[in-house]
Amino acid sequence: MNRTLKQTRDYTHQVVDSMANGLLSIDAEGRVLTFNHLSLALLGSDRDALEGIHLGSVFDFQLTGIAETLTRCRSFLDREVLHRTPAGEDIPLALSVTPISDASGNCDGAVVILRDLREIKRLEERGRR
């Protein structure tokens with residue numbers, strides 16, 4: 001049974017790391033619990049710097065809607081934000097946030113999906129020119 005549990009956990013980890021988008025999970029207070037490699041790249045962070053931090057130090061919870069997700073258990077899709085990495089690069093991102101609810105419907109946290117919009121913005125700019 002332990003072997004099966006480990007195989008399932010490893011497979012799930014591989015699936016999340018293979019996603020074409022960044023993925024983070026946060027607890028009800030907004031602390032980062034899990035993340036995939038692409039989220040590290042998009043945020044310009046490393047594992048040690050991101051693990052356990054309050055995501056509010058990266059994104060404005062009011063502006064992005066994350067606060068509403070955590071307090072009212074409401075989802076939102078593709079809210080555009082401009083994220084400045086620690087290296088000073090501005091990266092346009094689309095954030096989608098879905099609450100994680102317990103059996104009673106209380107919000108225990110959220111899943112945050114980060115989609116890189118740099119290529120889309122470049123194509124839009126080229127089209128305008």
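Note that the structure is a prediction, hence the values are computed from the model and not measured.

Engineer: Please explain the overall build of the protein chain as it appears in this structure.
Structural biologist: In terms of regular secondary structure, the protein chain is built from six helices and five strands. Beginning at the N terminus, the succession of helices and strands in the protein chain can be written as α-β-β-α-α-α-α-β-β-β-α. Looking at the protein chain as a whole, 33% of its 129 residues are labelled buried. Of the contacts formed within the protein chain by residues at least 6 apart in sequence, a portion of 41% connects residues at least 24 apart. Carbon and sulfur atoms make up 51% of the accessible area of the protein chain, which totals about 8,200 Å².

Engineer: Hey, could you run me through the packing of aromatic side chains in this one?
Structural biologist: For any two aromatic rings, the description comes down to two numbers: the centre-to-centre distance and the angle of the planes. A complete count under the given rule lists zero aromatic pairs for this structure. Here the guanidinium or amino end of Arg-79 rests over the ring plane of Phe-76, the centre of that ring lying 4.4 Å away.

Engineer: Looking at this structure, how should I read the pattern of salt bridges?
Structural biologist: Under the definition given, this model contains 13 salt bridges. Between Arg-74 and Glu-68 there is a salt bridge, with the nearest N and O atoms lying 2.9 Å from each other. Residue Arg-74 is classed as partly exposed on the basis of its relative accessible area of 44%. The closest approach of N and O atoms between Asp-90 and Arg-84, which form a salt bridge, is 2.8 Å. Several salt bridges share partner residues, and in doing so they unite Asp-27, Glu-29 and Arg-31 into one network.

Engineer: Which parts of the structure should I look at to understand the nonpolar core?
Structural biologist: Burial of nonpolar side chains together is a common tendency in soluble globular proteins. Leu-24, Ile-26, Leu-55, Phe-59, Ile-66 and Leu-95 are the most contacted members of the largest nonpolar core, which has 24 residues in total. At the level of secondary structure, the elements contributing two or more residues to this core comprise strand E1 (22-27), strand E2 (32-35), helix H2 (37-43), helix H5 (66-72), strand E3 (76-84), strand E4 (90-101) and strand E5 (107-116). Setting aside its immediate chain neighbours within four residues, Ile-26 contacts Arg-31, Val-32, Leu-33, Leu-55, Phe-61, Ile-66, Leu-70, Asp-108, Gly-109, Ala-110 and Val-112.

Rules behind the numbers
Residues numbered from 1 in each chain as written. Predicted model: local features only at pLDDT ≥ 70, side-chain atom pairs only at ≥ 80, totals over all residues. Heavy atoms only, no water. Helix = DSSP H or I, 4+ residues; strand = E, 2+ residues; numbered from the N terminus. Buried < 20%, exposed > 50% of the residue type's maximum accessible area, 1.4 Å probe, protein only. Contact = heavy atoms within 4.5 Å. Areas by Shrake-Rupley, 256 points an atom, 1.4 Å probe, with all protein chains shown as cover. Phe/Tyr/Trp six-rings, centres within 6.5 Å; stacked < 30°, edge-to-face > 60°. Lys NZ or Arg CZ within 6 Å of the ring centre and 35° of its normal. Salt bridge = Lys/Arg side-chain N within 4 Å of Asp/Glu carboxyl O. Core = buried A, V, L, I, M, F, W, Y, C linked by side-chain atoms within 4.5 Å.

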